[in-house]
Amino acid sequence: MADNAPIGVFDSGVGGLSVLREIRTRLPNESLLYLADSGHVPYGEKSPEFIRDRCRSIVSFLLEQGAKALVVACNTATAAGIADLRLLYPDLPLVGMEPAVKPAALATRSGVVGVLATTGTLKSAKFAALLDRFASDVRVITQPCPGLVERIEAGELDTPGTRSLLAGFVQPLIEQGCDTVILGCTHYPFVKPLLREMLPASVALVDTGAAVARHLESVLATHHRLADGLSSSRFWSSGDPRRLSAVLPVLWGENGTVSYCSV
């Protein structure tokens, strides 16, 4: 039997919209709930305890809105909070993010892989475990990107300031011979056009949005919760809803009504 209840998706801000777009493409019959925790963005510099508390509050809110499944569309929140959420909600279909270390390690020809990510993701035990498991035979160059999330949140996808900031993060990866670069934050796919300009054409960019959508489809099918009805989308922000409304046409591809969420 089809389950036309919505899927809940959340991120520290607008970055998870890159994942939401992939879900919409893969699962066009699914209704979607999206919460941008923009009142607390970025997560990358926050403590794991703070992020776990935010995850609990947000998931509780999305379940109150009728969510049948949850996607933690944030690498930092997944690293800090998804194990806790699985303990709290053992029967809830729950999908998280992780940097694409395995596909990048398989794809590299030079044996040098770069990772653009937040400080929180790069410091996490989950990321260290990924490197131990999948990247023992390659050299991994990690590059934290402080300030980049905030620029993307503001819709500054191609401004002189964003270009300058991103160039400073990319140059060390070029100098050290990376031929594959992992986008380890859901915000970063929105600056792919800039990255393509800055990196040699031979460098592959790897992110996990499409893979997450495929995994979500598999999880929903296993639980017999795939929808077959007309889809809809609803948006909330814990910050100023007007800021999310302003960037939706660019990052989501259409307008949408954004409500304030005090969670």
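Residues numbered from 1 in each chain as written. Predicted model: local features only at pLDDT ≥ 70, side-chain atom pairs only at ≥ 80, totals over all residues. Heavy atoms only, no water.

(A) Inspection of the overall build of the chain at higher detail. Helices and strands together make up the secondary structure of the chain, namely 11 helices and 10 strands. On the principal axes, the C-alpha backbone points of the chain span a range of 50 × 40 × 35 Å. The buried share of the chain, reckoned over its 263 residues, is 50%. A sequence separation of at least 24 residues applies to 77% of the contacts in the chain between residues at least 6 apart. Split by element, the accessible area of the chain, about 11,300 Å² in all, is 51% carbon and sulfur. (Helix = DSSP H or I, 4+ residues; strand = E, 2+ residues; numbered from the N terminus. Buried < 20%, exposed > 50% of the residue type's maximum accessible area, 1.4 Å probe, protein only. Contact = heavy atoms within 4.5 Å. Areas by Shrake-Rupley, 256 points an atom, 1.4 Å probe, with all protein chains shown as cover.)

(B) Helix 3 (residues 75-88), seen in detail. Here helix 3 contains 14 residues, and its C-alpha end-to-end distance of 19 Å stays within 8% of the 20 Å for a straight helix at 1.5 Å per residue. Of all the bends in helix 3, the greatest measures close to 55° and is centred on glycine 81. Turning to helix 3, its buried residues are Asn75, Thr76, Ala77, Thr78, Ala80, Gly81, Ile82, Asp84 and Leu85. Where helix 3 is buried, its residues meet helix 2 (48-64), strand 3 (69-72), strand 4 (94-95), helix 5 (119-123) and helix 6 (125-134). (Expected span 1.5 Å × (residues − 1). Bend = angle between axes of the 7 residues up to and from the residue.)

(C) Up close: helix 2. Under the 1.5 Å per step criterion, the end-to-end length of helix 2 is 24 Å for 17 residues, consistent within 8% with the ideal 24 Å. Within helix 2, burial applies to Ile51, Arg54, Cys55, Ile58, Val59, Phe61 and Leu62. An end-on view of helix 2 places all buried positions within 160° of arc, on one side of the element. Buried residues in helix 2 make contact with strand 1 (7-11), strand 2 (32-36), strand 3, helix 3 and strand 9 (233-237). Two residues or fewer past helix 2, glycine 66 is found with a positive phi of approximately 95°. (Arc of directions from axis to C-beta.)

(D) Spotlight on the sheet that holds strand 2. Across the sheet, 6 strands lie side by side as 4-3-1-2-9-10; this open sheet has parallel pairing. Unpaired on one side and paired on the other, strand 4 and strand 10 (258-260) mark the two borders of the sheet. Of the strands in this sheet, strand 2, strand 9 and strand 10 touch helix 11 (residues 241-251), which is tilted by about 165° from strand 10. (Pairing = 2+ DSSP bridges. Axes fitted to C-alpha atoms, helices over the stretch in contact; angles between N-to-C directions.)

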